[in-house]
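Analysis of the macromolecular model
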Amino acid sequence: MSKRSELLDFALLGLLHEGPTHGYELRRRLNEALGAFRALSYGTLYPALSGLLDRGLIAQSTGGATGGTGVTTGRNRIVYEITAAGKEAFEEAARRIDTAAYEDDGFGVRLAFFARTEADVRLRILEGRRSRVEEQLQTVRTNAARERRRLDTWTQALQRHGEESTEREVRWLTELIDAERRHPTDPGPQP
């Protein structure tokens with residue numbers, strides 16, 4: 001199974017952990033909240049759901065949809081729900097720390113479910129991400145210093161913007177790490 005497939009399974013189990021829902025709503029929530037899946041098609045979503053069904057991690061039922069009005073529309077929609085095995089699989093995946101947890105797509109998805117992640121795991125993922133972003137920042141700075149004389153003003157401005165964005169992410173991660181060390185049982189920063 002590819003890292004992206006594993007990430008999608010983790011995200012689906014995480015969303016279904018919040019309550020039963022249908023495919024359209026799962027796709028909408030993945031696209032809105034989890035940037036890694038902005039272009040997620042139904043051709044990707046439904047095979048992933050089918051795989052989770054086959055492994056017994058989710059169950060499905062059919063019921064009339066209300067369309068948000070509280071009145072059944074007569075259309076039956078398949079509703080997906082996480083199983084006990086799915087909850088265990090999600091918790092196991094939430095405890096796992098690998099390089100995918102530090103990468104751009106993986107980190108965003110993992111962060112979205114930090115409320116269900118143990119404090120020591122959250123801290124290790126945050127530290128790993130910060131280390132990865134600091135490496136990226138060093139690469140950006142090295143390349144900028146080497147190329148600056150050959151670049152036009154606009155390209156230099158774009159490089160500065162990239163460097164400043166990366167510096168901001170390092171500061172943000174440092175703030176999250178400091179907060180996690182001070183209060184490891186907090187659910188996280190409040191919006």
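All figures in this text were calculated on a predicted structure; none of them were measured in a lab. (Residues numbered from 1 in each chain as written. Predicted model: local features only at pLDDT ≥ 70, side-chain atom pairs only at ≥ 80, totals over all residues. Heavy atoms only, no water.)

Time to look at helix 4 (residues 84–95). Relative to the 16 Å expected for twelve residues at 1.5 Å per residue, helix 4 spans 17 Å between its end C-alpha atoms, a close match to the ideal helical length. Listing the buried residues of helix 4 in full gives Gly86, Phe90, Ala93 and Ala94. Summarising the axial view, the buried residues of helix 4 lie within an arc of 100°, below the 170-degree limit, and thus occupy one face. Facing away from the buried side of helix 4, by more than 90 degrees, are the exposed residues Ala84 and Glu88. (Helix = DSSP H or I, 4+ residues; strand = E, 2+ residues; numbered from the N terminus. Expected span 1.5 Å × (residues − 1). Buried < 20%, exposed > 50% of the residue type's maximum accessible area, 1.4 Å probe, protein only. Arc of directions from axis to C-beta.)

Let us now look at the nonpolar core. Membership of the largest hydrophobic core comes to 25 residues, with the highest contact counts inside it found for Leu12, Leu30 and Phe113. Among the elements of the structure, helix 1 (3–17), helix 2 (23–33), helix 3 (42–54), strand 3 (76–82) and helix 4 are those that each provide at least two residues to this core. Broken down by element, the residue count for this core peaks at eight residues, all from helix 1. Counting residues in hydrophobic clusters, the runner-up holds 13 residues, among them Phe114, Leu126, Val133 and Val170. (Core = buried A, V, L, I, M, F, W, Y, C linked by side-chain atoms within 4.5 Å.)

The next thing to look at is the packing of aromatic side chains. Taken as a whole and judged by the stated rule, the model has five aromatic pairs. Ring geometry for tyrosine 42 versus tyrosine 46: centroids 5.7 Å apart, planes at 25°, classification stacked. With tyrosine 42 and tyrosine 46 both in helix 3 and four residues apart, the pair spans about one turn of that helix. On the basis of relative accessibility, which here comes to 35%, the residue tyrosine 46 falls in the partly exposed class. For the ring pair phenylalanine 107 and tryptophan 172, a centre distance of 6.4 Å and an interplane angle of 85° mean the geometry is edge-to-face. With a gap of 65 residues between them, phenylalanine 107 in helix 5 (residues 104–112) and tryptophan 172 in helix 7 (residues 153–182) connect regions that are remote in the sequence. Residue tryptophan 172 is classed as partly exposed on the basis of its relative accessible area of 36%. Ring pairing ties together the aromatic residues Phe10, Phe90 and Phe113, which thus form one cluster. When the ring centre of phenylalanine 10 is taken as reference, the NZ or CZ atom of arginine 110 above it lies at 5.4 Å. (Phe/Tyr/Trp six-rings, centres within 6.5 Å; stacked < 30°, edge-to-face > 60°. Lys NZ or Arg CZ within 6 Å of the ring centre and 35° of its normal.)

Residue-level pLDDT values for the chain average 86, and 87% of them are 70 or greater. Mean pLDDT values for the elements of the chain range from 83 in strand 2 (residues 58–64) up to 96 in helix 4. Within the model, the stretch residues 65–71 combines pLDDT values under 50 with ten contacts to residues more than four positions away or in other chains. (pLDDT = per-residue confidence, 0-100. Contact = heavy atoms within 4.5 Å.)

What follows covers the environment of leucine 40. Assignment of secondary structure puts leucine 40 in the loop between helix 2 and helix 3. Overall, the relative accessible area of 3% leaves leucine 40 in the buried class.

A separate point is the pattern of salt bridges. For side chains bearing opposite charge, pairing can occur when the charged atoms are close. A complete count under the given rule lists 13 salt bridges for this structure. Across the salt bridge formed by aspartate 9 and arginine 55, the nearest N and O atoms sit 3.3 Å from each other. Of this pair, aspartate 9 sits in helix 1 while arginine 55 is found in the loop between helix 3 and strand 2, placing the two residues 46 residues apart along the sequence. Residue classification places aspartate 9 among the buried positions, given a relative accessible area of 8%. A relative accessible area of 43% means that arginine 55 is categorised as partly exposed. (Salt bridge = Lys/Arg side-chain N within 4 Å of Asp/Glu carboxyl O.)

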